[in-house]
Amino acid sequence: MYSLSNVEFILLQIIAESKQASGYQINKLIEQRGYREWANIGTTSIYNGLQKLKDKGLIRSEQSGHKSGKGPLPSTFVMLEDGMHTLRNEVIISLTTSRERDNRFDLGLAALPFIGINEAVEALQTRQNFLEESLRNIAQKYESQGGYRLPLHVRALFLHPMSLIENEKIFVANLINELIGQLEGQVHED
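Residues numbered from 1 in each chain as written. Predicted model: local features only at pLDDT ≥ 70, side-chain atom pairs only at ≥ 80, totals over all residues. Heavy atoms only, no water.

Peer 1: Quick question: what am I supposed to make of the overall build of the chain here?
Peer 2: Check the secondary structure of the chain and you find eight helices and three strands. For the chain, the N- to C-terminal ordering of α and β elements is α-β-α-α-α-β-β-α-α-α-α. Taking 2.2 N^0.38 as the reference for a compact globule, 190 residues should give roughly 16 Å; the C-alpha atoms of the chain span a radius of gyration of 20 Å, well beyond that estimate. Projecting the C-alpha coordinates of the chain onto the three principal axes gives extents of approximately 70 × 50 × 25 Å. Excluding contacts between residues fewer than 6 apart, the proportion of contacts in the chain whose partners are at least 24 apart in sequence is 64%. For the chain, the accessible area works out to roughly 11100 Å², and carbon and sulfur atoms hold 52% of it. Here the chain holds 20 positive side-chain charges and 23 negative ones, and the gap between their average locations is 9 Å. (Helix = DSSP H or I, 4+ residues; strand = E, 2+ residues; numbered from the N terminus. Rg over C-alpha atoms; globule rule 2.2 N^0.38 Å. Contact = heavy atoms within 4.5 Å. Areas by Shrake-Rupley, 256 points an atom, 1.4 Å probe, with all protein chains shown as cover. Lys, Arg positive; Asp, Glu negative; His and termini not counted. Charge placed at Lys NZ, Arg CZ, Asp CG, Glu CD.)

Peer 1: Just checking my understanding: could you explain helix 4 (residues 43-55) for this structure?
Peer 2: In an α-helix, one turn spans 3.6 residues; hence positions three or four apart end up facing the same way. Taking 1.5 Å as the rise per residue, helix 4 with 13 residues should run 18 Å; its terminal C-alpha atoms sit 19 Å apart, in good agreement. Of the residues one or two after helix 4, Gly57 is the one with positive phi, at around 75°. (Expected span 1.5 Å × (residues − 1).)

Peer 1: How do you make sense of the pattern of salt bridges when you look at a structure like this?
Peer 2: A side chain of one charge can pair with a side chain of the opposite charge when the charged atoms of the two come close. The final tally for this structure, using the stated rule, is eight salt bridges. For the salt bridge of Arg104 with Glu90, the shortest nitrogen-to-oxygen distance reads 2.3 Å. Of this pair, Arg104 sits in helix 6 (residues 103-110) while Glu90 sits in helix 5 (residues 81-97), and the two are 14 residues apart along the sequence. The exposure classification of Arg104 matches that of Glu90, with both residues buried. One salt bridge in this structure joins Lys169 and Glu166, with 3.8 Å as the shortest N-O distance. (Salt bridge = Lys/Arg side-chain N within 4 Å of Asp/Glu carboxyl O. Buried < 20%, exposed > 50% of the residue type's maximum accessible area, 1.4 Å probe, protein only.)

Peer 1: Is there a simple way to explain the nonpolar core in this structure?
Peer 2: Nonpolar side chains in soluble globular proteins generally cluster together in the buried interior. Counting 49 residues, the largest nonpolar core has Ile26, Ile30 and Leu95 as the members making the most contacts within it. Taken together, the elements giving at least two residues each to this core come down to helix 1 (6-18), helix 2 (23-33), helix 4, strand 3 (75-79), helix 5, helix 6, helix 7 (117-145) and helix 8 (152-189). For this core, the leading source of residues is helix 7, giving nine residues. When residues no more than four places from it in sequence are discounted, the contact partners of Ile26 are Leu11, Ile14, Ile15, Ala21, Ile46, Leu50 and Phe77. (Core = buried A, V, L, I, M, F, W, Y, C linked by side-chain atoms within 4.5 Å.)

Peer 1: Would you take a moment to explain the packing of aromatic side chains for this structure?
Peer 2: How two aromatic rings sit relative to each other is given by the distance of their centres and the angle of their planes. Counted under the stated rule, the structure contains one aromatic pair. Considering the side-chain rings of Tyr142 and Phe158, the 5.5 Å spacing of their centres and the 55° angle between planes classify their relative orientation as tilted. Note that Tyr142 is positioned in helix 7 and Phe158 in helix 8, a separation of 16 residues in sequence. With a relative accessible area of 8%, Tyr142 lands in the buried category. Above the plane of the ring of Phe105 lies Arg127, whose end atom (NZ or CZ) is 3.9 Å from the centre. The positively charged end of Arg149 is found above the aromatic ring belonging to Tyr148, 5.5 Å away from the centroid. (Phe/Tyr/Trp six-rings, centres within 6.5 Å; stacked < 30°, edge-to-face > 60°. Lys NZ or Arg CZ within 6 Å of the ring centre and 35° of its normal.)

Peer 1: Would you mind showing me how to read the sheet that holds strand 2 (residues 59-63) here?
Peer 2: Strands pair in a sheet through their backbones, by hydrogen bonds, and they do so in one of two ways: parallel or antiparallel. Pairing in this open sheet of three strands is antiparallel, and the strands run 1-3-2 from one edge to the other. With partners counted over all chains shown, the strands left at the sheet margins are strand 1 (20-22) and strand 2, one partner each. On average, each strand axis in the sheet is inclined to that of its neighbour by 35°, with strand direction left out of account. Direction of pairing for strand 2 relative to strand 3: antiparallel, over a ladder of five bridges. (Pairing = 2+ DSSP bridges. Axes fitted to C-alpha atoms, helices over the stretch in contact; angles between N-to-C directions.)

Geometry only, nothing functional implied.
Now the structure itself:
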């Protein structure tokens, strides 16, 4: 479904945002933003991910003109056109199709600046439909299994994801409203 791993997705976001960044700078930014805690990204996976992005033709490395200490000149990484196109597609896919409480959705939220507000609203509206369908399917299975007559531990296996989906629907609706407000604010400024 995804053409990029979570690590590659994060790396592309950071490179697009920074315009140009060294592995060291990327590593520091990942640390500062707390990606390590919830996206399971180690230093080795950063450098492996950068190499994979280069192999896929999404970024390129350039020798930095600045050197501190011993060793070779550090490389900086820059986004290629295919990289930006892939990033935009991954943002939309992540916002529309990832399961509730999926890190991929969070990564899509972190990359919202790389797609237009209209695209974000459309993707999130698609997500609302996806969440509605997921909720309907779980509720249908819950009822067909006996609903409230089920033992507590079995009911909980249905009610927990249903509760998460309900809350996510509220979150997404609020996010859509805020994006639409930004869009309307842009129209009034013009």
